[in-house]
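Here is how the chains run, residue by residue.
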Amino acid sequence: MKTEQLVASLVADRAASARPLGRSVGRALLAGALVSLVVFALEFGPRVDLASAFATWRFDLKLVLVLAALTAASVACLAMARPVATMQWRWAVLPVLLIAAAALGTELVVLPAGTWEARLVGSNALVCLTAIPLFALAPLAALLLALRRAAPAFPALAGAACGALAAAAAAVIYAFHCFDDSPLFVLTWYPLAAIPVVLVGAAVGRRLLSW
Amino acid sequence: MRAARQGDDEAYRRLLLLVASWLRAVASRGLAAAGRPNADCEDIVQETLLAMHLKRDTWDETQPLQPWLRAIARHKLVDHLRRRGFTDHVDIDDHSDMLAAPASAEEGSAFDARQMLASLPERQRRIVEGISIEGQSARDVGARMGMSEGAVRVMLHRALRALADAYRKDRT
């Protein structure tokens, strides 16, 4: 087959697809998160004092933090899905670090040193370590499948970014269940829970996303 | 590319042919630098064109097209050479000014591509052959095979994805 002949087939195929990458990734994330929401509703449920929790600064800050992480991970995931490697997504991570540092600083100032450990260990650490990876499963699978249409410069990194995005979505859901609002707890256990998700994403991405 | 996204077939054809001639220059330089025979050149061009076509959603319209093209070309060239056991760094940036280079004499793709076409399921192969080699439109092929134009396009898309996969996996 000559190249010009191949071009004829490519031109004839032009109508078949062409969807913006952002939309397919967003749709995958939404679909996966819906599955996790069902699991959340059936097995976990929101904390009983949710309404009054909104009035506390710790809970609100926790929400802001996980939502900022979700935004940063979305930007990173989309950047990693493209063949041109860019580093601009790093700027999206900056707000997360700033909010985390501010939250941690405030908490350490407000709380007497003797109570730090109790706050850090919290009461839900084990639940956190299992629930976040559990909620991340469906979004991770959907994201990896969506990114098969993409052309990542580094498949393993793109898989890891999928893992980070799935974990961030899971953290947003889990935040409504967890009673431990202290930044000490959130900044310790949420990232720890995200690590296996990122690693699984990287391992699967390496195989699934190469092109 | 922008015009092509809006449905301008002729613009897309011109773009693909232009890119093909640029790729040909890049691939033959890359092969020469790696000490490989030039026989694979047209295969690399076709594999890269397929990748560019199937992955065209990953081009961000707000960004220039050339870096995106160059990234795909580099990826496919490195991938090809790696399959042939060559692991050195490949640099295609020096030749990026050749995007407008005139097409050199074109040979058909080597033995491999024909073999790959043969590996497609019967109906997919007939559609690709009808459109590519006999130069028919999707509607004509559909009429001949008793399929709707839409069904032909769906199957054509599947065939192109299968071809791209075959390129990637078959030649290790």
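Residues numbered from 1 in each chain as written. Chains lettered and ligands numbered in written order. Predicted model: local features only at pLDDT ≥ 70, side-chain atom pairs only at ≥ 80, totals over all residues. Heavy atoms only, no water.

Digging into the overall build of chain A
Moving on, step 1. For chain A, the helix and strand inventory stands at nine helices and zero strands.
Moving on, step 2. Along chain A, helices and strands appear, N-terminal first, in the series α-α-α-α-α-α-α-α-α.
Moving on, step 3. Oriented by its inertia axes, the alpha-carbon framework of chain A measures out at about 75 × 35 × 30 Å.
Moving on, step 4. Split into buried and exposed, the 211 residues of chain A put 48% on the buried side.
Moving on, step 5. For chain A, the accessible surface area stands at approximately 9800 Å², while carbon and sulfur atoms represent 73% of it.
Moving on, step 6. Charged side chains in chain A number 15 positive and 9 negative. The centres of these two groups are separated by 15 Å. (Helix = DSSP H or I, 4+ residues; strand = E, 2+ residues; numbered from the N terminus. Buried < 20%, exposed > 50% of the residue type's maximum accessible area, 1.4 Å probe, protein only. Areas by Shrake-Rupley, 256 points an atom, 1.4 Å probe, with all protein chains shown as cover. Lys, Arg positive; Asp, Glu negative; His and termini not counted. Charge placed at Lys NZ, Arg CZ, Asp CG, Glu CD.)

Looking at the interface of chain A and chain B
Moving on, step 1. Facing 32 residues of chain A, the contacting portion of chain B comprises 45 residues.
Moving on, step 2. Across the chain A to chain B interface the summed buried area is about 3500 Å²; carbon plus sulfur atoms make up 59%.
Moving on, step 3. If you sort the residues of chain A by the area they bury against chain B, Met1, Arg14 and Trp211 of chain A come out on top, with a joint share of 25%.
Moving on, step 4. Between chain A and chain B we count one salt bridge in total.
Moving on, step 5. Taken together, the connections running from chain A to chain B amount to ten residue pairs in polar contact (both at pLDDT 80 or more). (Contact = heavy atoms within 4.5 Å. Buried area = accessible area lost by both parts, 1.4 Å probe. Salt bridge = Lys/Arg side-chain N within 4 Å of Asp/Glu carboxyl O. Polar contact = N/O pair within 3.5 Å; in protein donor to acceptor, adjacent residues only side chain to side chain.)

So, the environment of Leu61 of chain A
All names here are of chain A.
Moving on, step 1. Assignment of secondary structure puts Leu61 in helix α4 (residues 57–80).
Moving on, step 2. For Leu61, a relative accessible area of 23% gives the class partly exposed.
Moving on, step 3. Note: C-alpha distance between Leu61 and Thr115 (54 residues apart in sequence) is 20 Å.
Moving on, step 4. Leaving out residues up to four positions away in the same chain, Leu61 has contacts with Ile99 and Ala103.

Let's talk about the state of the cysteines
A disulfide bridge is the covalent bond that connects two cysteines by way of their sulfur atoms.
Moving on, step 1. Enumeration according to the criterion identifies zero disulfides over all chains in this entry.
Moving on, step 2. Counting only cysteine sulfurs, Cys162 of chain A is the nearest neighbor of Cys77 of chain A, a cysteine outside any disulfide, at a range of 3.9 Å. (Disulfide = S-S within 2.5 Å.)

Describing the pattern of salt bridges
Moving on, step 1. Counting across every chain of the model gives twelve salt bridges over all chains.
Moving on, step 2. For Arg58 of chain A, the salt bridge is made with Glu107 of chain A, and the minimal N-O distance between the two is 2.8 Å. Of this pair, Arg58 of chain A sits in helix α4 while Glu107 of chain A sits in helix α5 (residues 90–110), and the two are 49 residues apart along the sequence.
Moving on, step 3. Using a relative accessible area of 0% as the deciding quantity, one classes Glu107 of chain A as buried.
Moving on, step 4. In this structure, Glu149 of chain B engages Arg153 of chain B in a salt bridge whose closest nitrogen and oxygen atoms are separated by 3.0 Å.

Considering the nonpolar core
Moving on, step 1. Formed by 58 residues in total, the largest nonpolar core has its most connected members in Ile132, Leu143, Leu147, Leu165, Tyr174 and Tyr190 of chain A.
Moving on, step 2. Within the residue set of this core, elements represented by two or more residues are α2 (21–44), α4, α5, α7 (125–146), α8 (155–175) and α9 (183–208) of chain A.
Moving on, step 3. At 14 residues, the largest contribution of residues to this core is made by α8 of chain A.
Moving on, step 4. Non-local contacts of Tyr174 of chain A, meaning those with residues more than four positions away in its chain, are made with Asn124, Val127, Cys128, Ala131, Ile132, Phe135 and Tyr190 of chain A.
Moving on, step 5. Counting residues in hydrophobic clusters, the runner-up holds 56 residues, among them Leu10 of chain A together with Met52, Trp59 and Met155 of chain B. (Core = buried A, V, L, I, M, F, W, Y, C linked by side-chain atoms within 4.5 Å.)

Side note on the packing of α2 of chain A against α8 of chain A
Residue and element names in this part refer to chain A.
Moving on, step 1. The geometry of α2 relative to α8 is characterised by a closest axis approach of 10 Å and an angle of 40° between their N-to-C directions. Here α2 lies oblique to α8, going by the angle between them. For the pair α2 and α8, the sense of crossing is right-handed. Taking contact as the criterion, the partners of Val25, Leu29, Ala33, Ser36, Leu37 and Phe40 in α2 are, on α8, Leu165, Ala169 and Ile173. (Axes fitted to C-alpha atoms, helices over the stretch in contact; angles between N-to-C directions. Parallel < 35°, antiparallel > 145°, perpendicular 65-115°, else oblique. Left-handed = near helix turned anticlockwise from the far one by under 90°.)

Examining the side chain of Asn124 of chain A
Residue and element names in this part refer to chain A.
Moving on, step 1. One can find Asn124 in the loop between α6 (116–121) and α7.
Moving on, step 2. According to the relative accessible area criterion, Asn124 is buried, its value standing at 11%.
Moving on, step 3. Excluding residues that lie within four positions of it along the chain, Asn124 makes contacts with Tyr174, Cys178, Phe179, Asp180 and Phe185.

So, the environment of Ala146 of chain A
Moving on, step 1. Its place among the elements puts Ala146 of chain A in helix α7.
Moving on, step 2. Along the sequence, Ala146 of chain A and Arg27 of chain A sit 119 residues apart, while their C-alpha atoms lie 8.8 Å from each other.

Some remarks on the packing of aromatic side chains
Residues and elements named next belong to chain A.
Moving on, step 1. Going through the model one piece at a time under the given rule, you end up with seven aromatic pairs over all chains.
Moving on, step 2. Between the aromatic rings of Phe40 and Phe135, the centroid separation amounts to 5.9 Å while the plane-to-plane angle is 75°, which identifies the pairing as edge-to-face. Taken together, the residues Phe40 in helix α2 and Phe135 in helix α7 connect sequence positions 95 residues apart.
Moving on, step 3. Assessed through its relative accessible area of 8%, Phe40 is described here as buried. (Phe/Tyr/Trp six-rings, centres within 6.5 Å; stacked < 30°, edge-to-face > 60°.)

Thoughts on the side chain of His177 of chain A
Moving on, step 1. Its place among the elements puts His177 of chain A in the loop between α8 and α9.
Moving on, step 2. With sequence-adjacent residues up to four places away left out, His177 of chain A is seen in contact with Phe40, Phe44, Gly45, Arg47 and Val127 of chain A.

Side note on the confidence of the model for chain A
Moving on, step 1. Chain-level statistics for chain A give a pLDDT mean of 90 and a share of 98% at 70 or above.
Moving on, step 2. Highest mean pLDDT in chain A belongs to α8 of chain A (95); lowest belongs to helix α1 (residues 3–12) of chain A (81). (pLDDT = per-residue confidence, 0-100.)

Considering the packing of α1 of chain A against helix α3 (residues 41–54) of chain B
Moving on, step 1. Viewed as axis vectors pointing N to C, α1 of chain A and α3 of chain B meet at an angle of 10°, and their least axial separation amounts to 10 Å. The angle between the axes of α1 of chain A and α3 of chain B places the two elements in the roughly parallel class. Here α1 of chain A contributes Thr3, Leu6, Val7 and Leu10 of chain A to the contact with α3 of chain B, which in turn contributes Glu42, Val45, Gln46, Leu49, Leu50 and His53 of chain B.
Moving on, step 2. Among the residues forming the contact of α1 of chain A with α3 of chain B, the class breakdown is six nonpolar, three polar and one charged. (Nonpolar A, V, L, I, M, F, W, Y, C, P; charged D, E, K, R; others polar.)

Looking at α1 of chain A
Moving on, step 1. Taking burial as the measure, the ten residues of α1 of chain A include eight buried ones, the bulk of the element.
Moving on, step 2. Among the residues of α1 of chain A, those classed as buried are Thr3, Leu6, Val7, Ala8, Ser9, Leu10, Val11 and Ala12 of chain A.

So, the confidence of the model for chain B
Moving on, step 1. Overall, the prediction assigns chain B a mean pLDDT of 77, with 79% of residues at 70 or greater.
Moving on, step 2. In the model, residues 99–106 of chain B has pLDDT below 50 throughout and makes 13 contacts with residues more than four positions away in sequence or in other chains.

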